[in-house]
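One-letter residues, chain by chain:
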Amino acid sequence: MGLNGRFWAIAALQAACMGAAATAHAACTAPANLKAQYLAHPSSENAIQLGGWYATNQQFECAVQVFREAVKAHPDSAQLHYLEGLSLVDSGHPDEAIPTLQSSARLQPGLIKPHLLLADVYERTRQPAQADEQWRQAQAIDPHSPLLLEEWSGAMLARGDYGAVIDLLKPAPRTETLSIRLAKAYGLLNHLDAAKQVLVEAMNLSPKSLPLADAESVVLIKQLHYDEAVKLLSNMVQLHPGDLDAEVSLFRVLVLTQHLDRARPMAPKLLALRPHDPDILYLNGIVERTFGDYSQAKAHLEEAISIDPNFFYSRFNLGKVLVILHEWAPAKEQLEKAIELGDIEPQVHYELAMALRGLGDSEHAAAEIKKYEELRKAEESSLEASMNAAQGDIELAANDIPEAIRQYGLACAALPDNARYKFQLSVALDKAGKLDDERTQLEEATKLDPQLSTAQEQLGYLLSRSGDAAGAIEHFKTAVQFAPNWVEGWINLAAELAVEARFPEARQAVANALRLDRTNEQAHELSDQLARDPSAQQAHP
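Residues numbered from 1 in each chain as written. Predicted model: local features only at pLDDT ≥ 70, side-chain atom pairs only at ≥ 80, totals over all residues. Heavy atoms only, no water.

Enquirer: Explain unusual backbone geometry residue by residue, including any values.
Expert: Phi angles above zero are rare outside glycine, and Arg-126 is one such case at about 60°. You can see Arg-126 is positioned in the loop between helix 7 (113-124) and helix 8 (128-141). (Helix = DSSP H or I, 4+ residues; strand = E, 2+ residues; numbered from the N terminus.)

Below you can see the structure in the form of C-alpha cells.
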C-alpha cells in the first residue's frame, strides 16, 4: 500500500466509526448527516470528515472541492493543505498538488507526511532532483521512518540507482521489506553474495517469512544453486501447510530449475485452485510442453497471454510450442512480440529462426541464427566473468590478494566493458599496494559508469594523495551526486574543499553530512575546525 492508500485507509476507519456507509455512491453523494454537519458548521474538523468520506469512497474530485473551500476559510491549516494535495494526487492532478503540499510543509515544518507526498509527486512527474530534496527533508525529521525508507528506496530502485539504495539501507533496520529492497539492489549490481547475506540475516530474524524465502530463492537461482532454492521453498511449504502462495512459489522454482518430475503432479492441482492465474497457466504450459502435451500447452499459454499480454515469457513459450506444431506464422508473431516486449534470451532468436525457415524466409532465418550465436557467446562470457568475480570475492575475503587479482583480471578480460569488475579489481590492487594499476582501473570504471560512486570516491582519494586537489574534488562531487546519502562522501568532499580554501562550499558539504548523520564525530570535528579557522572565517560570505 502506497502513501495515498495508507492515509485513506485510516480515514476509512474513522468514517466507519462514525457509522458512514461504505458503499460507492454517485458523484458528490455522501451521508446526509455529514453534509448537513459541514454546511451548518464548515469547520476544519467537519471538512476533514466529509472530504475524507468522499476520498475513501473514490469521489476524489468531490474531496478536492471540500478541502479547497476549507483551505480558503482556514489558510493556516497544514492538515487541510495536505489533504487537498492528497486528493488532487488521487484525482489524477499531481502537478496541481505541489503548491498546496509546499504550503503544508511550510506551515508545519516538523511534519513528515507533506514531504513524503511531495517526494512521491515529484517522482511521478519525473523531477528526481526535487524528489530527493523532499526525501532528505523528511529524513532530517525522522531518519528512521520505515515509510520514508520504503518509499525512497522504492523510488531509487525504479530509477535504477542501486548504489544509492545500498547507501540508504545498509544502516537501516532489517525489516522484511527493507531487507528485500537491499538484497534486490545488491543482486541487480551482481553482488549476489552480499544479497544472499542480507536475506540470510533477515531469515534468521523471520524464519517463516515467505517473501524473504522467495527473494532468497531468486538469488540462489542466479548463483546456479538450484537444489538450495528448491530445498528452501520446500521447507516453506512445510512451515505453511495449506498455504497456496507457498505451494505456488515452490512450483515456480521447480519448473524454472527443471525439476519437472516434481512439478508435474502439482500443476493440475494448482491450476484447479487458480484457473485464471496467468503465472500458473504459463508454468503449466511449460510442464505440458516438456511432456509432449502440445495442444494443452498451447491452450494454457494462449489463455495466459489473454490475461497478461505483456509477459514475454508466455509469448516465448507459446512460440516454442507453435514451432513444434509447425504453425509457423503464429509462431513468428509470438516470438517477435516476445522480443519487442524485452526478451533478451538467445533461445528466442533460435526459435524465431526456425519459424522463419518454416515460412521459407532463409535470409532472415540466417540473421536470427547469427544473433542467437552472438548472444550465446556473450551469455557464456558473462557467466564466466561472474564466476571469476565471485571467486575473486572469496580469495579477497581469505586475504589471498594475488589470486583475487588474477580472478578479477579474468572477469575483466571476459567482460571488458563491465565497470564493477574493474572496480573490484581496483580494490584488490589497492590491498596489494599497486596504486598506479589501481588508478588505471578506477579511471576506466568511472568512464564506463560515472554513477559508480564507490569508484568515484576512491579515485578522488588517490588524486588527493597525489596532490591533485581539483581532480579529487570533481570525483568526490560526482560520488555524492549519485549517492547523496553517503555521509563519508560528503565529509571527504568538505575536507578537500577546505584544502583548496573553498570554505563556503566546504561548510555546505559538511552540513549535508551532519544533516544525514547528526552524531557523526568526524563531521562535527570538521565543522568545528571550519568554524575556528581564521582563514575560513575570513572567507565567509
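Resuming the write-up.
Enquirer: For the nonpolar core, give the residues involved together with the corresponding values.
Expert: Soluble globular proteins: nonpolar side chains tend toward being buried together. Core analysis: the biggest nonpolar cluster contains 110 residues, and Leu-50, Tyr-54, Leu-101, Trp-135, Leu-169, Phe-251 and Val-255 have the highest contact counts within it. Sorting elements by how many residues they give to this core places helix 4 (residues 60-73) first, with eight residues. Sequence-distant contacts of Phe-251, that is, excluding residues within four places in its chain, are made with Ala-263, Met-266, Ala-267, Leu-270, Leu-283, Asn-284 and Val-287. Counting residues in each nonpolar core, the second largest holds 29 residues, with Leu-462, Leu-463, Ala-494 and Leu-526 among its members. (Core = buried A, V, L, I, M, F, W, Y, C linked by side-chain atoms within 4.5 Å. Buried < 20%, exposed > 50% of the residue type's maximum accessible area, 1.4 Å probe, protein only. Contact = heavy atoms within 4.5 Å.)

Enquirer: How would you explain the environment of Glu-327 if you had to name every residue and give the values?
Expert: Within the secondary structure, Glu-327 sits in the loop between helix 20 (312-324) and helix 21 (328-341). Using a relative accessible area of 27% as the deciding quantity, one classes Glu-327 as partly exposed. Considering only alpha carbons, one finds Glu-327 and Asp-308, 19 residues apart in sequence, at a separation of 22 Å. Sequence-distant contacts of Glu-327, that is, excluding residues within four places in its chain, are made with Lys-298 and Leu-322.

Enquirer: Which residues make up helix 31 (residues 521-532), and what are the values?
Expert: The terminal C-alpha atoms of helix 31, which comprises 12 residues, lie 16 Å apart, in line with the 16 Å expected from a rise of 1.5 Å per residue. Inspection of helix 31 places Ala-523, Leu-526 and Leu-530 among the buried residues, and these make up the whole buried set. On an axial view of helix 31, the arc spanned by its buried residues comes to 65°, and they lie on one face. Turned more than 90 degrees off the buried face of helix 31, the exposed positions are Glu-521, Glu-525 and Arg-532. The distance from a side-chain oxygen at the start of helix 31 to the backbone nitrogen of Gln-522 is 3.1 Å, and the residue carrying that oxygen is Asn-520. (Expected span 1.5 Å × (residues − 1). Arc of directions from axis to C-beta. Polar contact = N/O pair within 3.5 Å; in protein donor to acceptor, adjacent residues only side chain to side chain.)

Enquirer: Got a sec to walk through the pattern of salt bridges? Specific residues and values, please.
Expert: Scanning all chains against the criterion turns up 22 salt bridges. In this structure, Arg-174 and Glu-201 form a salt bridge, with 3.1 Å as the shortest nitrogen-oxygen distance. Separated by 27 residues along the polypeptide, Arg-174 in the loop between helix 10 (162-169) and helix 11 (176-188) and Glu-201 in helix 12 (residues 192-205) bring together distant segments of the chain. Residue Arg-174 is classed as partly exposed on the basis of its relative accessible area of 27%. When the shortest N-O distance is used, the salt bridge between Lys-337 and Glu-340 registers 3.1 Å. On the criterion of helical spacing, the pair formed by Lys-337 and Glu-340 is a turn pair, its members being three residues apart in helix 21. Of the residues examined, Lys-337 reaches a relative accessible area of 26% and is grouped as partly exposed. Look at Glu-340 and you get exposed, because its relative accessible area is 59%. In this structure, a network of salt bridges that share partners links the residues Arg-68, Glu-84 and Glu-96. (Salt bridge = Lys/Arg side-chain N within 4 Å of Asp/Glu carboxyl O.)

Enquirer: Any chance you could break down the side chain of Ser-91 for me, citing the residues and the numbers?
Expert: Positionally, Ser-91 belongs in the loop between helix 5 (78-90) and helix 6 (94-107). The exposure class assigned to Ser-91 is buried, which follows from its relative accessible area of 18%. Excluding anything up to four places from it in sequence, Ser-91 contacts Phe-60, Glu-61 and Val-64.

Enquirer: Tell me what's going on with the packing of aromatic side chains, and back it up with residues and numbers.
Expert: Across all of its chains, the model carries six aromatic pairs by this definition. Seen from their ring centres, Trp-53 and Tyr-54 are 6.2 Å apart, and the 75° between their planes marks the pair as edge-to-face. On the accessibility criterion, Trp-53 (1% relative accessible area) is buried. Where Trp-135 meets Trp-152, the ring centres are 6.1 Å apart and the plane angle is 15°; that geometry is what we call stacked. Of this pair, Trp-135 sits in helix 8 while Trp-152 sits in helix 9 (residues 146-159); the two residues are 17 residues apart in sequence, bridging distant segments of the chain. Given the relative accessible area of 1%, Trp-135 is considered buried. With a relative accessible area of 0%, Trp-152 lands in the buried category. (Phe/Tyr/Trp six-rings, centres within 6.5 Å; stacked < 30°, edge-to-face > 60°.)

Enquirer: Which residues make up the environment of His-276, and what values go with them?
Expert: Relative to the assigned elements, His-276 resides in the loop between helix 17 (266-273) and helix 18 (278-290). Taking the relative accessible area as the measure of exposure, His-276 reaches 59% and is therefore exposed. Spatially, the C-alpha atom of His-276 lies 9.7 Å from that of His-300, the residues being 24 residues apart in sequence. Filtering out sequence-adjacent residues up to four positions away, His-276 remains in contact with Leu-281, Glu-303 and Ile-307. Within the local environment of His-276, its side chain forms a polar contact with the side chain of Glu-303, the two groups lying 3.3 Å apart.

Enquirer: Hey, could you go over a nonpolar patch on the surface for me, with residue numbers and the actual values?
Expert: Together, Leu-224, Tyr-226, Leu-383 and Met-387 line one region of the surface with nonpolar side chains, adding up to about 370 Å² of accessible area. In this structure, Met-387 sits in helix 23 (residues 362-397). In this structure Met-387 comes out as exposed when scored by relative accessible area, which is 53%. (Patch = residues over 30% accessible without salt bridge, like charges linked within 9 Å, V, L, I, M, F, W, Y side chains within 5 Å. Areas by Shrake-Rupley, 256 points an atom, 1.4 Å probe, with all protein chains shown as cover.)

Enquirer: Describe the packing of helix 7 against helix 8, and please don't skip the residues or the numbers.
Expert: At a closest axis distance of 8 Å, the pairing of helix 7 and helix 8 adopts a crossing angle of 165°. Between helix 7 and helix 8, the crossing angle belongs to the class labelled roughly antiparallel. Every pair of crossing elements has a handedness; the one defined by helix 7 and helix 8 is left-handed. Residues His-115, Leu-116, Leu-118, Ala-119, Asp-120, Tyr-122 and Glu-123 of helix 7 form the contact with helix 8, whose participating residues are Gln-130, Ala-131, Gln-134, Trp-135, Gln-137, Ala-138 and Ile-141. Considering only residue class, the contact of helix 7 with helix 8 consists of eight nonpolar, four polar and two charged. (Axes fitted to C-alpha atoms, helices over the stretch in contact; angles between N-to-C directions. Parallel < 35°, antiparallel > 145°, perpendicular 65-115°, else oblique. Left-handed = near helix turned anticlockwise from the far one by under 90°. Nonpolar A, V, L, I, M, F, W, Y, C, P; charged D, E, K, R; others polar.)

Honestly, that's just the spatial picture; any functional story needs more than this.
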